[in-house]
Every structure is written in C-alpha cells, then in structure tokens.
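What the coordinates show
The primary structure of each chain is shown beneath.
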Amino acid sequence: MIDGPGLRAHFELRRSEAFRLDIDVTIPPGTTGALLGPNGAGKSTAVAAIAGLVPIDQGRIELAGAVLDDPGTGVFVPSEARRIGVVFQDYLLFPHLDVIENVAFGLRSRGVGRDEARARSGEWIRRLGLDGMERHKPGDLSGGQAQRVALARALVTEPDLLLLDEPLAALDVTTRSRLRRTLREHLDGFAGPRLLITHDPTEAFLLADEIHVIEDGVVTQSGTADDVRLRPRTRYAADLAGANLLVGTASGGAATVGAHVFHIAHGDVAGPVLITIHPTAISVHRAPPEGSPRNAWVTTIERIEDLGERVRLRTGAPVALTVEITKQSTEALHLTPGESVWIAVKATEIGVESNDPTPA
Amino acid sequence: MPGRPPVVLIVLGCLGLALFVVPLAGLVARTPWSRLPDLLTGDVVADALRLSLITSLASTVIALVLGVPLAWLLARVDFPGRAVVRAVVTLPLVLPPVVGGAALLFALGRRGLVGEPLNRLTGLLLPFSTWGVIIAATFVAMPFMVITVEGALRNLDRRYEGAAASLGAGRWTVLRRVTLPMIGPSLAAGLALTWARAFGEFGATITFAGNLQGRTQTLPLAVFVALESDRETAVAISLLMVAVSLAVLIALRDRWWRAL
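**Overview of helix 7 (residues 130-155) of chain B**
Here helix 7 of chain B is 26 residues long and its end C-alpha atoms lie 37 Å apart, about the 38 Å a rise of 1.5 Å per residue gives. At Val140(B), helix 7 of chain B shows its largest kink, close to 40 degrees, and the proline Pro143(B) lies no more than four residues downstream.

**As for the nonpolar core**
Generally speaking, soluble globular proteins have nonpolar side chains that are buried together. Among the nonpolar cores identified, the biggest contains 56 residues, and Phe11(A), Ile50(A), Phe94(A) and Leu163(A) are the most heavily contacted of them. Ranked by the residues each element gives to this core, the list is headed by helix 7 of chain B, at six residues. Filtering out sequence-adjacent residues up to four positions away, Ile50(A) remains in contact with Leu7(A), Ala9(A), Phe11(A), Ile61(A), Arg82(A), Ile84(A), Leu161(A), Leu163(A) and Leu195(A). Counting residues in each nonpolar core, the second largest holds 49 residues, with Val87(A), Val112(A), Phe205(A) and Leu207(A) among its members.

**Structural notes on the sheet that holds strand 21 (residues 350-354) of chain A**
Residue and element names in this part refer to chain A. If you walk across this open sheet you meet the five strands as 14-13-12-15-21, and the pairing is antiparallel. With one partner strand each, in any of the chains shown, strand 14 (260-263) and strand 21 form the two edges of the open sheet. Across the sheet, the mean angle from the axis of one strand to that of its neighbour is 40 degrees, orientation sign disregarded.

**Thoughts on the pattern of salt bridges**
Residues and elements named next belong to chain B. Within the structure shown, the criterion is met by 25 salt bridges over all chains. Put simply, Arg82 and Asp78 hold a salt bridge, and the shortest N to O gap is 3.5 Å. A residue is classified by how much of its surface remains accessible, and Arg82, at 18% relative accessible area, is buried. Residue classification places Asp78 among the exposed positions, given a relative accessible area of 67%.

**Here we look at the pairing of strand 10 (residues 210-215) of chain A**
Residues and elements named next belong to chain A. Strand 10 sits mainly inside the fold: five of its six residues count as buried. Pairing of strand 3 (residues 32-36) with strand 10 involves four bridges; the strand directions are parallel. Looking at strand 10, one finds that Ala34 is bridged to Ile211. Across five bridges, strand 10 lies against strand 11 (residues 218-223) in antiparallel orientation.

**Some points on the sheet that holds strand 18 (residues 310-315) of chain A**
Residues and elements named next belong to chain A. Overall, antiparallel pairing links the five strands, which are arranged 16-20-17-18-19 in an open sheet. Whereas interior strands pair on both sides, the edge strands pair on one side only; in this sheet they are strand 16 (283-285) and strand 19 (322-326). For this sheet, the mean inter-axis angle between neighbouring strands, taken without regard to orientation, is 50 degrees. Two strands pair when backbone bridges link them, and strand 17 (residues 295-306) and strand 20 (residues 340-345) are joined in this way by six bridges, in the antiparallel orientation. Its bridge partner being in strand 20, Val298 is matched across the sheet by Trp342.

Basis of the calculations
- Sequence order as written defines the numbering, with residues in each chain counted from 1.
- Lettering for chains starts from A, numbering for ligands starts from 1, and both go in the order in which the items are written.
- The predicted origin of the model limits local features to residues at a pLDDT of at least 70 and limits the giving and counting of side-chain atom pairs to 80 or more, whereas totals for whole chains, interfaces and linings rest on all residues.
- Note that water and hydrogens are dropped before the side-chain values are worked out from all heavy atoms of the structure.
- Strands here mean DSSP runs of E at least two residues long; helices mean DSSP runs of H or I at least four residues long; both are numbered from the N terminus.
- Here the expected length of a helix is defined as 1.5 Å per residue gap, with one fewer gap than residues.
- Bend at a residue means the angle formed by two fitted axes: the first through the 7 residues ending at that position, the second through the 7 residues beginning there.
- Each nonpolar core is a collection of buried residues, namely Ala, Val, Leu, Ile, Met, Phe, Trp, Tyr and Cys, held together in the definition by side-chain atoms within 4.5 Å.
- Per-residue accessibility, obtained with a 1.4 Å probe over protein chains only, is compared with the maximum for each type, and a residue is labelled buried under 20%, exposed over 50%, and partly exposed between these values.
- Here, two residues are considered to be in contact whenever any of their heavy atoms come within 4.5 Å of each other.
- Two strands make a pair as long as DSSP finds a minimum of two bridges between them.
- Interaxial angles span 0 to 180 degrees and are taken between N-to-C directions of axes, which are lines fitted to C-alpha atoms, for helices over the stretch in contact.
- A carboxyl oxygen of Asp or Glu within 4 Å of a side-chain nitrogen of Lys or Arg is what we treat as a salt bridge.

Next up, the structure:
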C-alpha cells in the first residue's frame, strides 16, 4: 500500500496580508514527523492545506508519489479524494452518530456497502479495544475512548498519511501521559508516514522521529528530538528545551539514564520511566555541595546564555541538562564555558512517571 | 443555602404569568362543555379545521423547502447586501399582518405586479383561493424557519464538515449526513414555530384570501366570524386551537429548549 516516498510538503500559503505560511516537511513511510510550534504559528493552516481544506498558493504537496496540490500545474485534489486519515483536535466525532457509524463514515462516504463498512469498522473497534462501545454516542465516551474512536475512524479507510492535530490536547494531565504511550504504539502500527501537529514539546520529543519547529509560519529548525533539545536554533526552541526530559529505567528508588544514576523519591516505580527536572530546581556549586541533595555530580558547562535577570546553562556529560540560575549566582561563582562545576538536585525535585508502553 | 428570591421579582413575575393564564381561564370558564362535541363537529368548524391543517402544513413544507436554502445562503455565502436581505426576510415578523396581506394583494392580485401576467399566462388567480391562504401563511411564518436555521448554521462548528470531507464525503453527503442532522434540533424548533405561526395566521389571510367557508376560511377566521353571531362556537374553536397548539409545543418541548 505504501511504496511511495511518503509525504513531501513544500509550500507557501498566504492566510492574510500579515501572515504567510512557509513549510518544507518530508516524512518517509513508517516514521513520524512533528510540527511543533506555539499557538498561532500556523499549524492549523498547515493541517488544512495538507488535508485539502484550503488550497496552497505556491509549491507542492505530494503523498505516496502522487501530487495532491500544485498551483504551478493546476493540480488540486479535493479533500474528499485525498487518502489522508485525520485525527482532529477535539477529535470532532459526529455527535449524532454512534461509535460504529462514526468509524464507518469514511467507508460509507467512499461507496463501501453498509454491511462491509460495518464489518471492517467493527474490526478496528476491536483492534483498538473498544469492544462493546459500538452503540455509544461520542458524548458518553471518556477522553481516551474518544481518541481511540477518532483513530479507528481515521485508520479504517487505510489512508496513505495519518495526520494527528493536537491529539492529546483535549485530555487532562493524567490521561494525557497514559495515552501518549498507547498513541506511540498506534503510530508504530501504521506503515505510512505520520504527521503530528502539537504545541507540546514532550509530545513531540516522545512521539516523533523528526521534529520541525514552526514559528510565525516558518519552519525554523528540523531535526531529531536531541538536535532540538540540545542545540536549539531559536529562542522559542530553547524555551521548549528548557524542560529537562530524560528517558530512563527505574528500580528501587533509583533511575538510570545512560551511565548516570539519579536518586529518586518514587521508590515504587519500576521499569521504563520519563524523568523531568525543572531547570530552576538544579543548583550549581564550586565545591561538593553539603546538606540534603542526594544527587550531586561533576560536569562541564558547555554554554551560557543570558536571559536578562536569569542565566541558562547547558551541562555536558554524564547527563546533558538545562539549568537556570540567577545572574547574581553566576557572577558570584565566576562561571565560564568549559569549566567543571558541581551540580545538585534534590530527589524530590525529580519528576518520574512510568513510560511503560503497555496501557495502564 | 441559596437566598430567598426577592419579593418584588416574585410579584412582577406572577403578574406576568397572570397575563398568560387569565385569558385561558376566561376561555375555559366560558366553555359550554356539554355542547362542545356538537359545536366542534358542525360544518363550519369541520371545514375550517380541515383547511387550517392543510394550509398550515403546506406552508410549513414550503418554508422548509425554500427557507432552509435561504438560511444556508445567509449563513454561509458572503454576498453584497446580505444585511439588507436579512432585514427583508425578518420584516414579516414585525410588519402588521394586514399590511403583509395588502402587499400580497398588490403583488399577486388580479391586477398585481406578478398576478396580472400570471393570470394572463396560466389563468391562475391566487387571491380568494386556498393557495392564497397558503401563500399568506408562508409569508408571515417562513421568517421563523429562516432565522432559526440560519442561527443554527452559524453556531455549527464547521470543523465537523471539514472532518467529514477528510473522510471522503462530498458536499451533498456532508450536508445530508453531518450538517442537517447536527442542526436537527433547531430545524425541529423552526418547523414547530413556523407551523404554529401559520396555524394561527389571521390578518394577512383575511386581507389577501378573504373569508370563504371551505376555501379560505381557516379556524382563526371562523372564530372572528363566530364572535359576531355565535359566541359559543367561537369559544369552542378557540379552545380547540389552544389544545392543538399546546399539544404540539409539549410534544416538541425537549428539542425546543435545546435549540432555542
């Protein structure tokens, strides 16, 4: 089904005099690309253009080897003829149709007979663990169930591209972290290119193979999660990266990230974990720190950024971290790049959540 | 604990309610209950009831067929003079019906702007015909349909239509399977309001279509005539109209409150 070169979207679109969207994104089959940017950066417009809801002004959108939109040659495939499965922000399940009718909608619209559409939809409903929910209306579903119905509705038509527009934004924090894991599985189960639209760096870092940072309508940086996190090219990307997000393994009150071991306050967590440390929770010292911090180690300052009243440091091995301290401390400590320092963080300041891919 | 509602509001609210309840009570008090079956099965009443049902339903259907597309255009197409068109559509709501009836007569009457050539070409004469009753009722009632449906279309989250399109649905499928079902409650409310207004129409009808038993004399017209000659029949018909209207409103009340 997916032999073509995935998604290639290189286009310009003027939404108004003041706003121009300029996108250049390529996503090979079997990989996930994320469009990561703040609200108003043009993400929704990009979704609308790729989904065929608005035409582009210049450039070309290609999917699976076929041109979908190219004003230069006058090609424009309308939305209903594009093979794109979209999971919309807020899911947009049709409120007057039940679960199976929602899932079957795409097949019915494409001329598949009623019985076959129901059978194929039922299969996806089972595959996504929604057995028994067939006759429920969207209003009766939890956020997680609604997300799975939206996924089933998008996937049942066997699209050439899976497009997810803020798929977790509608959920509360706890559900979000749980569904992020199951979403990863569903993405991996889809053989075509996947495009994730998000404003949440955690989501992009965890789900995407390549991240395209979009600001004011322009892609300012493309690269892996580590590229963006450790070598941010813009102020916005640097702010995104500000949240230290590490993937590791926990057991018995300790979490291992690469070669480094963190002491953590969550003695009961075991297995794959996601570790978050706020940049201001980390302290910098000239000598081994005294007192309560159980995590202290020697590292090198790789970079110093002036943020005004605060200063942002990047540390090197054993764990690359972003640290924010006040300007006074920096001056008092006479910090310069390349120097070795002690840094410390309390175990209670380390956020740990399970990153086990099996649903909780 | 929620505080007690202010006494002033209770008093004024009850006075307002009395304005609705007292006339109904007056009607019920004057009803000759024992003679009611006889009064309601008389020729005049039966003819008027039949005519009222036919014409009010016909004008509701016309309002549906013509009013929904009009509402769609007003809600979705940004054409020059849209504000003026919307004002014209709403005009029958505030216009005295008798003025509407007179205007219809000047336009569609035997020597009217449209009526004269229409009569010459087809021999059709709308005034003083049952079609005249239907047109008069549609004129005063269709604005309810247009306004209700236009409001619903404006409030509808259009992203749902985009979602349907992304799932392969063409324009008609989107309209049939997403847009119309999603504005369903408002559509029902529009139908109920339109029908109720058409059912109760008096002024435009008597001006444009006259008052001929069996042809243009609807229930409200029959009440008007009976008030002069036969008060008991007038009371009986009035009670009948209250009962029918109330029954429709109660049957639709759930959808009604959700949509309005």
